[in-house]
Amino acid sequence: MRSLARSLVRRVTELSDGEAATRRPLLDLTEHGVRCLLVPVTPEAHDLLSPREHEVARMVSRGYTNKQIAGVLEISLNTVSAHMRRIFTKLGVGTRAAMVAALTGENLAAV
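First things first, this report covers the structure right here in the doc.

Each value, and the rule that gives it
Residues numbered from 1 in each chain as written. Predicted model: local features only at pLDDT ≥ 70, side-chain atom pairs only at ≥ 80, totals over all residues. Heavy atoms only, no water. Buried < 20%, exposed > 50% of the residue type's maximum accessible area, 1.4 Å probe, protein only. Helix = DSSP H or I, 4+ residues; strand = E, 2+ residues; numbered from the N terminus. Arc of directions from axis to C-beta. Contact = heavy atoms within 4.5 Å. Pairing = 2+ DSSP bridges. Salt bridge = Lys/Arg side-chain N within 4 Å of Asp/Glu carboxyl O.

1. A look at helix H2 (residues 51-61)
Looking at H2, one finds that the buried residues are Glu53, Val56, Ala57, Met59 and Val60. Taken end-on, H2 shows its buried residues confined to a sector of 160 degrees, consistent with a single buried face. Tucked inside the fold, the buried residues of H2 contact helix H3 (66-73), helix H4 (77-91) and helix H5 (96-104). Looking one or two residues beyond H2, the residue adopting positive phi is Gly63, at roughly 95 degrees.

The structure is reproduced here in structure tokens:
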């Protein structure tokens with residue numbers, strides 16, 4: 001099993017240059033009658049966010065300003081801004097509209 005784990009770590013490290021986004025297996029080997037198949041999984045946008053970030057994103061999608069979000073959630077405006085920065089980073093977006101589109105599955109590039 002130790003050999004299997006080492007092979008797995010080595011293969012994932014080799015493929016961490018972006019090739020992992022393809023659907024072909026990263027690792028497919030059998031050791032001592034046990035098959036180990038490692039396939040890349042791309043998480044959904046909503047799976048990347050914490051519960052609080054979901055709450056902030058939901059409010060943004062409903063048209064709330066940062067100041068309104070801070071008031072409703074009883075947090076500071078700086079905390080709302082920090083949540084927004086983290087959401088933008090996790091989703092790879094730069095605007096509120098792009099954030100909402102990413103979370104609803106819409107493709108703004110096609111518009």
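The rest of the description comes next.
2. So, the pairing of strand S1 (residues 27-31)
In terms of strand pairing, S1 meets strand S2 (residues 34-38) through five bridges, oriented antiparallel. Note on S2: the bridge partner recorded for Thr30 is Arg35. Adjacent in sequence and paired antiparallel, S1 and S2 are bridged by two residues, among which His32 carries a positive phi angle near 55 degrees.

3. Some thoughts on unusual backbone geometry
With phi around 55 degrees, His32 is a residue other than glycine that occupies positive phi space. Even without glycine at this site, Glu74 takes up a positive phi of about 55 degrees. In this structure, Glu74 sits in the loop between H3 and H4. Using a relative accessible area of 74% as the deciding quantity, one classes Glu74 as exposed.

4. What to know about the pattern of salt bridges
Applying the stated criterion across every chain yields a total of four salt bridges. With its nearest N and O atoms 2.8 Å apart, the salt bridge here joins Glu53 to Lys90. Taken together, the positions of Glu53 in helix H2 and Lys90 in helix H4 put the pair 37 residues apart, joining distant regions of the chain. Residue classification places Lys90 among the partly exposed positions, given a relative accessible area of 35%. One network of salt bridges, in which partners are shared, links Glu53, Arg86 and Lys90.

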